[in-house]
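# Inside the fold
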Amino acid sequence: MADRTPLIAGNWKMHLDHLEAIQLVQSVAYHLDPEDYERSEIAVIPPFTALRSVQTLLEGDKLPMLLGAQDCHWEEQGAFTGAVSVGMLKRLAVRYVLCGHSERRALFGEDDEIVNKKLRAVMAGGLTPILCVGETLEQRDAGDAESVVASQLRAGLDGVDDPASVVIAYEPVWAIGTGRTATPDDADTMCGFVRDTISDLGGAESAARVRVQYGGSVKPGNAADLMAREHIDGALVGGASINADDFAIICRHHRS
Ligand code: 13P
């Protein structure tokens, strides 16, 4: 197995104000040892309003947890009411930015072109995109899971020289927030398919290095099984990431 550091990231979605955010990060950190941070990168992805508070906490307490943002705009600045630029995120020590989360695609009308613009802006700003891909239940039932994921990858990574500089999150839409997790075998097969597609796009060497997370109802009870698989390099965790005990257990999966 290639030497890829797993990335375990908690996508809080639209949950927690800045005070609750501080509490959560403190409680998670209380459960983690240096060894946990050495084995995996551990990141939290709060709403914009909590980024500054969490950044201050991480820096003040010298916690090696990383910070991510849930979205960004592709322009550097301008008349884009409600939007946040990559430069603004960078000033808050944000490392990762989600691009193309299925909720952004389904609820906010983001298509592959917008996702690609955001992804390129994140890279241009020196941050790391987490490109989210995944099929709906209808697409899976129709046997289209692979073609959907391949086309999201191709479009999302358009113009990217080294796909390994992006993290890919395979998140089947039918598994998000439903409690219905992909089986470790299915998740590994699809993450392997993501890697094969990256090989087509950027070569075998890039494919061996790219990190592919699984997301969709990752919980303390299934995290270790999922992350033990060959092609799964960590998890993008939604619901379970806003519970300190659950998220800490997921981060400590290698101890189970
Ligand atoms: P759940 O873990 O709540 O299914 O959410 C997954 C997700 O969308 C993470 O980005």
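Here is a short report on the structure shown in this document.

About the criteria used
Throughout this document, residue positions are counted from 1 along each chain, in the order its sequence is written. Owing to the predicted nature of the model, reporting of local features is limited to residues with pLDDT of at least 70; listing and counting of side-chain atom pairs is limited to 80 or more, with chain, interface and lining totals taken over all residues. As a rule here, side-chain values come from all non-hydrogen atoms in the structure, and water together with hydrogens is ignored. Only heavy atoms are used to decide nearness, and a residue is near a molecule or strand if one of them lies within 4 Å of it. Polar contacts, as counted here, are pairs of nitrogen or oxygen atoms within 3.5 Å of one another; within protein the pair requires one atom able to donate a hydrogen and one able to accept it, and residues that are adjacent in sequence qualify only if both atoms are side-chain atoms. Areas reported as accessible are Shrake-Rupley estimates using a 1.4 Å probe. Residue values count occlusion only from the protein chains shown. Side-chain classes are defined by residue name, with Ala, Val, Leu, Ile, Met, Phe, Trp, Tyr, Cys and Pro counting as nonpolar, Asp, Glu, Lys and Arg as charged, and the others, Gly among them, as polar. With a 1.4 Å probe rolled over the protein chains alone, any residue whose accessible area is under 20% of its type maximum counts as buried; one over 50% counts as exposed, and the rest are partly exposed. Labels follow the DSSP assignment, with helices taken as runs of H or I lasting at least four residues and strands as runs of E lasting at least two, numbered in each case from the N terminus. A pair of strands is treated as paired once DSSP finds two or more bridges between them.

Now for the site of the ligand. By nearness alone, every residue bordering the ligand is listed as Asn 11, Lys 13, His 101, Glu 171, Ala 175, Ile 176, Gly 177, Gly 216, Ser 217, Leu 236, Gly 238 and Gly 239. Between the ligand and the protein, one listed contact pairs an oxygen atom with a side-chain N or O atom of Glu 171 at 3.0 Å. The contact in question runs from an oxygen atom of the ligand to an N or O atom on the backbone of Ser 217, over 2.8 Å. Across the complex, the protein chains shield 96% of the 310 Å² of accessible surface that the ligand would expose by itself. A class-by-class count of the residues in the shell around the ligand yields 3 nonpolar, 7 polar and 2 charged.

So, about the pairing of strand S2 (residues 41-45). In terms of burial, S2 is largely enclosed, as 5 of its 5 residues are buried. Where strand S1 (residues 7-11) meets S2, 5 bridges bridge the pair, whose relative direction is parallel. Across the sheet, the residue bridging to Gly 10 is Val 44, located in S2. Direction of pairing for S2 relative to strand S3 (residues 66-69): parallel, over a ladder of 2 bridges. Of the residues in S3, the one forming a bridge with Ala 43 is Leu 66.

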